[in-house]
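Structure assessment
One-letter residues, chain by chain:
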Amino acid sequence: MVKKTLHWNLAVIMLGSVLTACSGGQPVSGKSEGLPSGEKEAEKKEPVELVFYITSSGWSEERFMEEYGNAVVARYPHMKLKFIPTGKGTLIPELLAGGTTIDVVISSIGVTQSQILDNNLQYDLTSLIQSHKLDLNRFEPTTIELIKLISNGGIYGLPLNNTVGLLTYNKDLFDKFGVPYPKDGMTWDETYELAKRMTRVENGVQYRGFISSVSHLSQINQLSVPYVDPKTGKALFELDARWQRFTSDLARFYQIPGNEVDAKTVSLAEQYKAFTETKTVAMMAHIGTPGAEFQANWDMVTMPEYKERPGLGPQPYPTYTFVTSSSKNKEAAFEAAAFLASESFQTTLSKRGLMPVLTDKAIKDVYGQETDYLKGKNLMARFPKQLASPMPMTPYDAIAKSKWAAQMDMLIQGQIDVNTAMRVAAEETNKAIEAEKAKKK
């Protein structure tokens, strides 16, 4: 029996961890997975130990070896891998302060600033990419564009797997109410109208048409509007009209009578619970899918689009493999990272239900083949025609995102209007940025 991959569970959502959300499942076999592109057959090499670290919680050494480590060692027998799970006393700053050297960090883009850059672990792989003749044109272009944006034109990490936002829906509810299912390529306006049709009271039960992870959607927004101006260091919520549009377009779903939220139901955990447990929500816009624990007849379609940008999906939300600046074995660490990005290993990941980072159609075509609960689903919804360009990033994005999300929560509860939300989010972001800058003086 093939293991079932849990793409998105409640604990993961509460942690906001994309890596955990999109990892798991079929253990990697002990067989060699082939060579990274451009690499020659390995010669006999001196033994080397590499220390790996994954920034999300829930990873044991056993799980790491099953999903990544065994395949690396099978390819490179001279490598011995050590894995440090994250937890109390093993956070990156604590490890570094204690003199622990980490060679490779696996991290989603969402925490790259806090985990890699803020700890000065970044290392430009450009020279290693060139010496190993690793072809970056094989990768989904936006994953390379994104890492270059945070690497001052260099390459701090190699893409490992990707996550693309989509719309999942409960087919049972659409069948119950006799409403046609959502389709790939719907616009946000069409989705809004569908949400209105699916929001109703039936036999005393309030059914809701639509929920979303507003915070995640802001980070992958299809308008590619950044939180902070990288030149001025100022929040763009009031200065760029795209923010008001994005915020208003999303908030209107929660203004549909019957689809409202309050202080008790506004959290992502509670909204997700309504979709997967009480099963009173028809559609969910998110960066993940329900996991095998979701016992319902569900499917997925591409994230709704803006009508003037047909076929354009969200921005990518990739996970990268970083060789650290402190590693004393950068060559070996790079070889391991390049192997994880190889055609053969990416095929393995794709079969297990992790979105590959390579453009090879053959790799995409096997997506989810070894993941039981994804069988029969519209799997190509994971691969829109084009991904939106990554927005410019700054060290203050996490601050800005949290300030916007707090105001968005108030907005969708009907406590403030969109103009107030944008103004307060901008004011609080700018104040927090100045305070952060003052700490570093």
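Figured I'd write up the structure that's included with this text. Predicted model only: the values in this text are computed from it and were never measured. (Residues numbered from 1 in each chain as written. Predicted model: local features only at pLDDT ≥ 70, side-chain atom pairs only at ≥ 80, totals over all residues. Heavy atoms only, no water.)

Counting secondary structure elements, the chain contains 17 helices and 12 strands. Taking 441 residues into account, the globule formula puts the C-alpha radius of gyration at 22 Å, and the chain, at 22 Å, falls close to it. Here the C-alpha coordinates of the chain stretch approximately 70 × 55 × 40 Å along the principal axes. Expressed as a percentage of the 441 residues in the chain, the buried residues total 58%. For the chain, long-range pairs separated by at least 24 residues make up 76% of all intrachain contacts whose partners lie at least 6 apart in sequence. As displayed, the chain offers around 18,000 Å² of accessible surface, 51% of which is attributable to carbon and sulfur atoms. (Helix = DSSP H or I, 4+ residues; strand = E, 2+ residues; numbered from the N terminus. Rg over C-alpha atoms; globule rule 2.2 N^0.38 Å. Buried < 20%, exposed > 50% of the residue type's maximum accessible area, 1.4 Å probe, protein only. Contact = heavy atoms within 4.5 Å. Areas by Shrake-Rupley, 256 points an atom, 1.4 Å probe, with all protein chains shown as cover.)

This part takes up the layout of surface pockets. A volume near 420 Å³ is recorded for the largest pocket. Lining the largest pocket are 22 residues, and of these Gly110, Gln113, Asp397, Ala398 and Ile399 sit closest to its centre. Going through the elements one at a time, α5 (112–117), α10 (214–219) and α16 (397–412) are the ones with two or more residues in the lining of the largest pocket. A total of 4 residues in the lining of the largest pocket trace back to one element, the largest contributor, which is α16. (1 Å grid on protein atoms, 1.4 Å probe; cavity = no way out; pocket = protein on both sides within 12 Å on 5 of 7 lines; lining within 4 Å. Points joined across faces, edges and corners; volume = space filled by probe spheres on them.)

Turning next to empty space enclosed by the protein. Applying the stated rule across the entire model yields 4 cavities of 30 Å³ or more. One number sums up the size of the largest cavity: a volume of about 90 Å³. In this structure, the second largest cavity spans a volume of roughly 60 Å³. Contributing to the lining of the second largest cavity are Trp188, Leu217, Ile220, Asn221, Gln222, Phe246, Met303, Tyr306 and Pro314. Per-class residue counts for the lining of the second largest cavity are 7 nonpolar, 2 polar and no charged. (Nonpolar A, V, L, I, M, F, W, Y, C, P; charged D, E, K, R; others polar.)

Right, let's talk about the pairing of strand β9 (residues 298–302) for a bit. Of all 5 residues making up β9, 5 are buried, and the element is well covered by its neighbours. Note that strand β5 (residues 166–170) and β9 share 5 bridges and pair antiparallel. Paired with tyrosine 169 across the strands is aspartate 299, a residue of β9. (Pairing = 2+ DSSP bridges.)

A separate point is the environment of alanine 432. Inspection of the secondary structure puts alanine 432 in helix α17 (residues 418–439). Overall, the relative accessible area of 22% leaves alanine 432 in the partly exposed class. It is 46 Å that separates the C-alpha atoms of alanine 432 and glycine 204, two residues lying 228 residues apart in sequence. Here alanine 432 is in contact with Ile399 and Lys403, once residues within four sequence places are set aside.

Each aromatic ring pair is specified by the distance between its two centres and by the angle formed by the two planes. Tallied over the entire structure, the rule returns 24 aromatic pairs. A centroid spacing of 5.5 Å and a plane angle of 45° characterise the contact between phenylalanine 339 and phenylalanine 345, whose relative ring orientation is tilted. Here the two residues phenylalanine 339 and phenylalanine 345 agree in accessibility, since each one is buried. A connected cluster of aromatic rings, assembled from ring pairs, spans Phe52, Trp59, Phe64, Tyr68, Phe83, Phe339 and Phe345. (Phe/Tyr/Trp six-rings, centres within 6.5 Å; stacked < 30°, edge-to-face > 60°.)

One pass over the structure, following the stated rule, counts 15 salt bridges. A salt bridge links arginine 352 to glutamate 67; the shortest N-O distance between them is 3.3 Å. Here arginine 352, found in the loop between α14 (343–351) and α15 (361–365), pairs with glutamate 67, found in helix α3 (residues 61–75); they are 285 residues apart in sequence, far enough to count as distant. Residue classification places glutamate 67 among the buried positions, given a relative accessible area of 3%. (Salt bridge = Lys/Arg side-chain N within 4 Å of Asp/Glu carboxyl O.)

Turning next to unusual backbone geometry. Positive phi, close to 50°, is recorded for asparagine 152, a residue that is not glycine. Summarising the element assignment, asparagine 152 is placed in the loop between α7 (141–149) and β4 (157–161). Overall, the relative accessible area of 73% leaves asparagine 152 in the exposed class. A positive phi angle, close to 55°, is found at lysine 279, a residue other than glycine.

The interhelical angle for the contact between α3 and helix α13 (residues 330–340), taken along N-to-C directions, is 115°, at an axis separation of 10 Å. On the basis of their axis angle, the class for α3 and α13 is roughly perpendicular. The way α3 lies across α13 gives a crossing that is right-handed. Between α3 and α13, the residues in contact are Tyr68, Ala71, Val72 and Arg75 and Ala336, Phe339 and Leu340, respectively. A class-by-class count of the residues in the contact of α3 with α13 yields 6 nonpolar, no polar and 1 charged. (Axes fitted to C-alpha atoms, helices over the stretch in contact; angles between N-to-C directions. Parallel < 35°, antiparallel > 145°, perpendicular 65-115°, else oblique. Left-handed = near helix turned anticlockwise from the far one by under 90°.)

Turning to α14, a few remarks are in order. Buried residues of α14: Phe345, Gln346, Thr348, Leu349 and Ser350, and no others. On the buried face of α14, the contacting elements are α3, β4, α13 and α15. Glycine 353 occupies a position one or two residues after α14 and carries a positive phi of about 95°.

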